[in-house]
Amino acid sequence: MPFMTLDELRAHLARSPFIRRLGLEVAAADPDRSTLTMHLPWRADGEAADGQGTWHGGPIAALIDTAGAFAATMVAGRDCGTVSMLVDYVRAARGDLVARAVVRKAGRTLSNVDVEVCDASGKVCALGRGTFFVSAAG
C-alpha cells in the first residue's frame, strides 16, 4: 500500500488556506502503526466566550476532523474526506493542543479513525471519532 510520508502530508496540509490559518502542523506520522500526531498552537482568536483563556469548541473539532482525515490519507496514500464525525468535549482546554489519531480500520472506500486531544497540561480535553471516504485512485 502506498503510504504518504510525513513530508508529503505536510505539503498536502499546507495547500489548505483554512488549515494554514489555524496553524495546524503534522508533528509525527507512523504509517506502520496507523498513527498521526497533529499540533494546534494556542491562538487568542480561538478563545471561547468565557474570557478564561480556554479554547472554543470549533477549533478543537477542526483539529479532530483534520487529524482524522490526514491519518486516513496517510494510510490510504490518497485523499480522504469526512463522511461523519463525533466529538465529545471532556474538559476545558487551555494552551497548545495535541491530537493523536489512530486509524482503526482502513478500508478500500471508508476508514474509521479515533482521535484524542490533549491540552498543554497533557490532560485529555476532547475525544473524536470519524468516518472518512477514500478518494478514487487517480
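Located above this text is the structure these notes cover.
A brief look at the structure comes next.

## A short note on the sheet that holds strand β4 (residues 97-106)
Taken in spatial order, the six strands of this open sheet run β1-β2-β4-β5-β6-β3, and their pairing is antiparallel. In the strand order of this sheet, the two ends are held by β1 (25-30) and β3 (80-89), each with one partner. With direction set aside, neighbouring strand axes in the sheet form an average angle of 20°. Contacts between helix α1 (residues 6-14) and the sheet are confined to β1 and β2 (35-40), with β1 contributing the most and set at about 150° to the helix. Packing against the sheet, helix α3 (residues 57-76) makes contact with β1, β2, β3, β4, β5 (110-118) and β6 (124-134), and its axis sits at approximately 135° to β3.

## A short note on the pattern of salt bridges
With the rule as written, the count across this model stands at five salt bridges. The partner of R104 in a salt bridge is D114, and the shortest N-O contact between them spans 2.8 Å. Remark: D114 occurs in strand β5 and R104 occurs in strand β4; sequence separation between them is ten residues. For R104, a relative accessible area of 56% corresponds to the exposed category. Here R129 and D114 are joined by a salt bridge, their closest N and O atoms 2.5 Å apart. One end of the pair, R129, is in strand β6; the other, D114, is in strand β5, and 15 residues separate them in sequence. Overall, the relative accessible area of 15% leaves D114 in the buried class. Each of the salt bridges in this network shares a partner with another, and the network as a whole consists of R21, R43 and D45.

## So, unusual backbone geometry
With a phi angle near 55°, S34 is a residue other than glycine that sits in the positive phi range. You can call S34 buried: its relative accessible area is 17%.

Here is what the cut-offs are and how they apply
- Residues numbered from 1 in each chain as written.
- Predicted model: local features only at pLDDT ≥ 70, side-chain atom pairs only at ≥ 80, totals over all residues.
- Heavy atoms only, no water.
- Pairing = 2+ DSSP bridges.
- Helix = DSSP H or I, 4+ residues; strand = E, 2+ residues; numbered from the N terminus.
- Axes fitted to C-alpha atoms, helices over the stretch in contact; angles between N-to-C directions.
- Contact = heavy atoms within 4.5 Å.
- Salt bridge = Lys/Arg side-chain N within 4 Å of Asp/Glu carboxyl O.
- Buried < 20%, exposed > 50% of the residue type's maximum accessible area, 1.4 Å probe, protein only.

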